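Report on the structure
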Amino acid sequence: QVQLAESGGGLVESGGSLRLSCAASGRTFSSDTMAWFRQAPGKQRELVAGITSGGNTNYADSVKGRFTISRDNAKNTVYLQANSLKPEDTAVYYCARSRTGTISAWRHHYDYWGQGTQVTVSS
């Protein structure tokens, strides 16, 4: 059974940092494109960052220069380093696997999802 498990969320003050992890089990994801999404209350789920199997990355404009996505294929894990956090970054963060192989903003292009981890940034 394929599973993605996020961890590393929490409560942090504005300007602080968090490192989110997404551990995959049930299959090897080293050849897959992976992504982080987030969903704030009352808002649609949005793409935050994505990384291809070759290490190419793409970021939402709102997090460019503050967030970094990376992967450790030996550990079957994808990370999201979130720095200079702002209250508007508050959301549940999800990792997902792209079924198309591309970094897409369309959530329907992703087939495996984790359960999410809550990030709350206080002002």
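I will try to describe carefully the structure that is included in this document. Quick caveat: nothing in here was measured; it's all calculated off a predicted structure. (Residues numbered from 1 in each chain as written. Predicted model: local features only at pLDDT ≥ 70, side-chain atom pairs only at ≥ 80, totals over all residues. Heavy atoms only, no water.)

**A look at the overall build of the protein chain**
From N to C terminus, the protein chain includes zero helices and 11 strands. Listing the helices and strands of the protein chain from first to last along the sequence gives β-β-β-β-β-β-β-β-β-β-β. In terms of C-alpha radius of gyration, the protein chain reaches 13 Å, essentially the compact-globule figure of 14 Å for 123 residues. Over its C-alpha atoms, taken along the principal directions, the protein chain stretches across nearly 40 × 25 × 25 Å. When the 123 residues of the protein chain are sorted by exposure, 44% land in the buried category. Considering only contacts in the protein chain between residues 6 or more positions apart, those separated by 24 or more positions represent 58%. Charged side chains in the protein chain number 13 positive and 9 negative. The centres of these two groups are separated by 4 Å. (Helix = DSSP H or I, 4+ residues; strand = E, 2+ residues; numbered from the N terminus. Rg over C-alpha atoms; globule rule 2.2 N^0.38 Å. Buried < 20%, exposed > 50% of the residue type's maximum accessible area, 1.4 Å probe, protein only. Contact = heavy atoms within 4.5 Å. Lys, Arg positive; Asp, Glu negative; His and termini not counted. Charge placed at Lys NZ, Arg CZ, Asp CG, Glu CD.)

**Concerning the sheet that holds strand E1 (residues 3-7)**
Taking strand neighbours across the sheet as the criterion, the four strands line up as E1-E3-E8-E7 in an open arrangement whose pairing is antiparallel. Of all strands in the sheet, those with a lone pairing partner are E1 and strand E7 (67-72), marking the two edges. Strand-to-strand, the axes of this sheet are offset by a mean angle of 15°, without reference to chain direction. (Pairing = 2+ DSSP bridges. Axes fitted to C-alpha atoms, helices over the stretch in contact; angles between N-to-C directions.)

**Considering the nonpolar core**
Ranked by internal contacts, the top residues of the largest apolar core, which has 27 residues, are Trp 36, Val 48, Phe 67, Ile 69, Leu 80 and Tyr 93. At the level of elements, strand E3 (18-25), strand E4 (34-39), strand E5 (46-51), E7, strand E8 (77-82), strand E9 (91-98) and strand E11 (117-122) are the ones that each hand at least two residues to this core. Counting residues in each nonpolar core, the second largest holds five residues, with Ala 35, Phe 37, Ala 96 and Tyr 110 among its members. (Core = buried A, V, L, I, M, F, W, Y, C linked by side-chain atoms within 4.5 Å.)

**Overview of the state of the cysteines**
Tallying each qualifying case throughout the model produces one disulfide. Paired through a disulfide, Cys 22 and Cys 95 show a sulfur-sulfur distance of 2.0 Å. Between Cys 22 and Cys 95, the S-S torsion sits near 55°, and that sign places the bridge as right-handed. One end of the pair, Cys 22, is in strand E3; the other, Cys 95, is in strand E9, and 73 residues separate them in sequence. By relative accessible area, which is 1% here, Cys 22 ends up buried. (Disulfide = S-S within 2.5 Å.)

**Examining the pattern of salt bridges**
When the charged atoms of two side chains with opposite charge come close together, those side chains can pair. In total, this model carries seven salt bridges according to the counting rule given. Residues Glu 46 and Arg 38 are paired through a salt bridge, measuring 2.7 Å at the closest nitrogen-oxygen approach. The partly exposed category is assigned to Glu 46, whose relative accessible area is 35%. Put simply, Arg 38 and Asp 89 hold a salt bridge, and the shortest N to O gap is 2.9 Å. Of this pair, Arg 38 sits in strand E4 while Asp 89 sits in the loop between E8 and E9, placing them 51 residues apart in sequence. Asp 89 sits in the buried class, given a relative accessible area of 1%. (Salt bridge = Lys/Arg side-chain N within 4 Å of Asp/Glu carboxyl O.)

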